[in-house]
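The chain contents come next:
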Amino acid sequence: MHLAWDNTLGFWQRTTKWSETQPIVGTTNHELDTYIVPTITALRLYPVTTPDKLVEPFVSAGLGPVIGIQQQKSSGALAPPNTTTMTAGLGVRAGVGVDIRSNGPFGVTAGTH
């Protein structure tokens, strides 16, 4: 059995667009851009192998800060002002997987969380 320290930095972006139509003033178009930046630190536990094995199943768990940013843009007669908001939170991750190493410096990791 042995442990490993796992640090990750991620980036996700999503854009949503929609329109609203009012009878007299016409159409208002909206666009919402969302960005998520998680930085998770986790411990990997390899319960059944030693570091010299080429195939190592693992379980992992960790947490870390997550920053979320939203930018809303609108255009049209009754459009609200453009806004940007930022939110901080705590991300949690748990998962299982397997590390497969070659005899060289590289390998493959497959897992889910």
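Residues numbered from 1 in each chain as written. Predicted model: local features only at pLDDT ≥ 70, side-chain atom pairs only at ≥ 80, totals over all residues. Heavy atoms only, no water.

Caption draft 1: Representation of the overall build of the protein chain. The helix and strand tally for the protein chain stands at zero helices and six strands. Secondary structure elements of the protein chain, listed N to C terminal, follow the sequence β-β-β-β-β-β. For 113 residues, the compact-globule formula gives about 13 Å, and the C-alpha radius of gyration of the protein chain, at 22 Å, lies well above that figure. Each of the three principal axes of the protein chain carries a C-alpha extent, and together these read 70 × 25 × 20 Å. Here the protein chain holds 113 residues, and 25% of them are scored as buried. Within the protein chain, counting contacts between residues at least 6 apart in sequence, those at least 24 apart form 60% of the total. Approximately 7800 Å² of the protein chain is accessible, and the part contributed by carbon and sulfur atoms is 63%. Across the protein chain, 7 positive and 7 negative side-chain charges occur, with their mean positions spaced 2 Å apart. (Helix = DSSP H or I, 4+ residues; strand = E, 2+ residues; numbered from the N terminus. Rg over C-alpha atoms; globule rule 2.2 N^0.38 Å. Buried < 20%, exposed > 50% of the residue type's maximum accessible area, 1.4 Å probe, protein only. Contact = heavy atoms within 4.5 Å. Areas by Shrake-Rupley, 256 points an atom, 1.4 Å probe, with all protein chains shown as cover. Lys, Arg positive; Asp, Glu negative; His and termini not counted. Charge placed at Lys NZ, Arg CZ, Asp CG, Glu CD.)

Caption draft 2: Quick peek at the side chain of threonine 49. Here threonine 49 is to be found in the loop between strand 3 (26-46) and strand 4 (55-75). If we ignore the near neighbours within four places in the chain, the residues touching threonine 49 are Met1, His2, Val55, Glu56 and Pro57.

Caption draft 3: Region of the structure containing the pairing of strand 2 (residues 12-22). As paired elements, strand 2 and strand 3 share 11 bridges and run antiparallel to each other. Bridge pairing in strand 3 links threonine 16 to leucine 32. Linking strand 2 to strand 3, which pair antiparallel, is a turn of three residues. (Pairing = 2+ DSSP bridges.)

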